[in-house]
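Structure at a glance
Here's the letter readout for the chains.
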Amino acid sequence: QVQLVESGGGLVRAGGSLRLSCAASGSIFSIDAMGWYRQAPGKQRELVAGITSGGNTNYADSVKGRFTISRDNAKNTVYLQMNSLKPEDTAVYYCNARTPEYAPYDYWGQGTQVTVSS
């Protein structure tokens, strides 16, 4: 079992910045990729950014150039630096951890609210 604890959400004005953190504990050896998803009211959960244990990253087109995902393997923690925030970034952000692709299983954090005002 893996537990994920998120922090760093809040309310910010458009153009501002936030940094989200997600600390993993439990069966850490089973984790391969980690990432951040978000879900706005009435919309499906979508991938924001992902990172593998080797450091390969991918981003949603809507956040490229503004968000940066990073990972500290020694601390079992993943971060999402969010700059130039827009009102459309408003959502609940969820941390995700995934086991290797030959036996995939997703673990989820409880979610942290990010609200961007205009």
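We now turn to the structure provided with this report. (Residues numbered from 1 in each chain as written. Predicted model: local features only at pLDDT ≥ 70, side-chain atom pairs only at ≥ 80, totals over all residues. Heavy atoms only, no water.)

Of the regular secondary structure elements, the protein holds zero helices and 11 strands. Put simply, the protein runs from its N terminus to its C terminus through helices and strands in the order β-β-β-β-β-β-β-β-β-β-β. The C-alpha radius of gyration computed for the protein amounts to 14 Å, which stays within 12% of the reference 13 Å derived for 118 residues, consistent with globular compactness. Sequence separation of at least 24 residues holds for 53% of the intrachain contacts in the protein that already meet a minimum separation of 6. Approximately 6,300 Å² of the protein is accessible, and the part contributed by carbon and sulfur atoms is 48%. (Helix = DSSP H or I, 4+ residues; strand = E, 2+ residues; numbered from the N terminus. Rg over C-alpha atoms; globule rule 2.2 N^0.38 Å. Contact = heavy atoms within 4.5 Å. Areas by Shrake-Rupley, 256 points an atom, 1.4 Å probe, with all protein chains shown as cover.)

With that settled, consider the pattern of salt bridges. According to the stated counting rule, one finds five salt bridges in the structure shown. Residues Asp89 and Arg38 are paired through a salt bridge, measuring 3.0 Å at the closest nitrogen-oxygen approach. In this pair, Asp89 sits in the loop between strand S8 (77-82) and strand S9 (91-98) while Arg38 sits in strand S4 (residues 33-39), placing the two residues 51 residues apart along the sequence. The residues Asp89 and Arg38 share a single accessibility class, namely buried. (Salt bridge = Lys/Arg side-chain N within 4 Å of Asp/Glu carboxyl O. Buried < 20%, exposed > 50% of the residue type's maximum accessible area, 1.4 Å probe, protein only.)

Looking at Arg38, the relative accessible area reads 7%, which means it is buried. A distance of 3.3 Å separates a polar atom in the side chain of Arg38 from a polar atom in the side chain of Ser62. Among the polar contacts made by the side chain of Arg38, one reaches the side chain of Tyr93 at a distance of 2.9 Å. What Arg38 contacts, discounting residues up to four positions off in sequence, is Gln44, Arg45, Glu46, Val48, Ser62, Val63, Phe67, Glu88, Asp89, Ala91, Val92 and Tyr93. (Polar contact = N/O pair within 3.5 Å; in protein donor to acceptor, adjacent residues only side chain to side chain.)

Here we come to the state of the cysteines. This structure, assessed with the given rule, holds one disulfide. With a sulfur-sulfur separation of 2.0 Å, Cys22 is cross-linked through a disulfide to Cys95. The sign of the -85° torsion about the S-S bond sets the Cys22-Cys95 disulfide as left-handed. Of this pair, Cys22 sits in strand S3 (residues 18-26) while Cys95 is found in strand S9, placing the two residues 73 residues apart along the sequence. The class for Cys22 is buried, based on a relative accessible area of 0%. (Disulfide = S-S within 2.5 Å.)

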